[in-house]
Amino acid sequence: MLMIRRIVGQSMQPALPPGAIVLGLRWLRPRPGNIVVARVGDREIIKRVVEMGERGVYVLGDNAAHSTDSRSFGWLPSASIKSVIIGSFIR
Amino acid sequence: MNMIDRLIKPVYAHCDVPCGIYETDTMRHAADTCLRMIEKMEVLEGVSDGASDAHNNFIRMVMTKEKHAQLCKDQIYVLWSDFFKPDHLENFPDLHERLWHAAKQCSKVKQTVSKEEAQKLVDMVHEVAHIFEGAQAKA
């Protein structure tokens, strides 16, 4: 199933600047290097998968200076990954 | 916010889980860019003659202005919702009003090709940055 979202924030620059539209697939299994949408609390966030293991998924923003990611909130449960990004449209 | 932005749900790539990293350079640069685009539009020759290159450049300048006005607004919203806390209101009681007016001014800059409106945004953004620096100094 497709997921379309609009980027808010700078943590995925330069790959995904604010305002970019991303297209995700819900049923794909994420792999290291993939950009994923994950649910953290009541919000969806977008980050890049660095590592996957028994503890879950470790994600980082490409723009490390402006990103809150697994360095802050730790490993995400695998179930929190909602989609894998397969394309983007930068406006 | 345009139709696309209204229709497509956001996904957050900023520090929505508070990381404490905030800055105003992006916001100021965006406001300065809007002003610069208007200055360039005003001296662009050939638009009224129907020259394709001039039209192309004019549209690029409008798009850049639109994009940076939105970026500026996004940056203001981030400071408003994530950085500023209720206790900042004690030192800056007109904080909400200033941020609200600055965000609305971003829309005004999108709607117009007016150096005066763009300069107003630059000034407002500098005021917000000044408040931000003051709040950081007291933190």
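These numbers come from a predicted model, not from an experiment.

Caption draft 1: Structural context of the overall build of chain A. Scanning chain A from N- to C-terminus turns up one helix and six strands. Taken from the N to the C terminus, the helices and strands of chain A come in the order β-β-β-β-β-α-β. Within chain A, the proportion of its 91 residues that are buried is 47%. Long-range pairs, those at least 24 residues apart, make up 47% of the contacts in chain A with a sequence separation of at least 6. When the accessible surface of chain A is summed, it comes to about 4,500 Å², and 55% of that surface belongs to carbon and sulfur atoms.

Caption draft 2: Summary view of the confidence of the model for chain A. The pLDDT averaged across chain A works out to 90; a share of 100% of its residues lies at or above 70. Mean pLDDT values over the elements of chain A span from 77, in helix H1 (residues 70-73) of chain A, up to 95, in strand E2 (residues 21-25) of chain A.

Caption draft 3: Local environment of the nonpolar core. Membership of the largest hydrophobic core comes to 34 residues, with the highest contact counts inside it found for B:Met27, B:Cys72, B:Ile76, B:Leu79, B:Phe83, B:Phe84 and B:Leu121. Counting residues per element, the ones that place at least two in this core are helix H2 (25-43), helix H3 (52-83), helix H5 (95-111) and helix H6 (115-138) of chain B. In terms of residues, this core owes the most to one element, H6(B), which gives nine residues. Contacts of B:Cys72, omitting those with residues within four sequence positions, involve B:Met27, B:Ala30, B:Ala31, B:Cys106, B:Leu121 and B:Val125. The next biggest cluster of nonpolar side chains, apart from the first, holds twelve residues, and it includes A:Ala20, A:Val37, A:Ile85 and B:Val11.

Caption draft 4: Looking closely at the pairing of strand E6 (residues 81-89) of chain A. Residues and elements named next belong to chain A. Where E2 and E6 come together, five bridges link them in antiparallel fashion. The partner of Gly-24 across the bridge, within E6, is Ile-85. Here three bridges tie strand E3 (residues 35-40) to E6, and the two strands are oriented antiparallel to one another. Residue pairing for E6: Val-37 is matched across the bridge by Ser-83.

Scoring rules and cut-offs
Residues numbered from 1 in each chain as written. Chains lettered and ligands numbered in written order. Predicted model: local features only at pLDDT ≥ 70, side-chain atom pairs only at ≥ 80, totals over all residues. Heavy atoms only, no water. Helix = DSSP H or I, 4+ residues; strand = E, 2+ residues; numbered from the N terminus. Buried < 20%, exposed > 50% of the residue type's maximum accessible area, 1.4 Å probe, protein only. Contact = heavy atoms within 4.5 Å. Areas by Shrake-Rupley, 256 points an atom, 1.4 Å probe, with all protein chains shown as cover. pLDDT = per-residue confidence, 0-100. Core = buried A, V, L, I, M, F, W, Y, C linked by side-chain atoms within 4.5 Å. Pairing = 2+ DSSP bridges.

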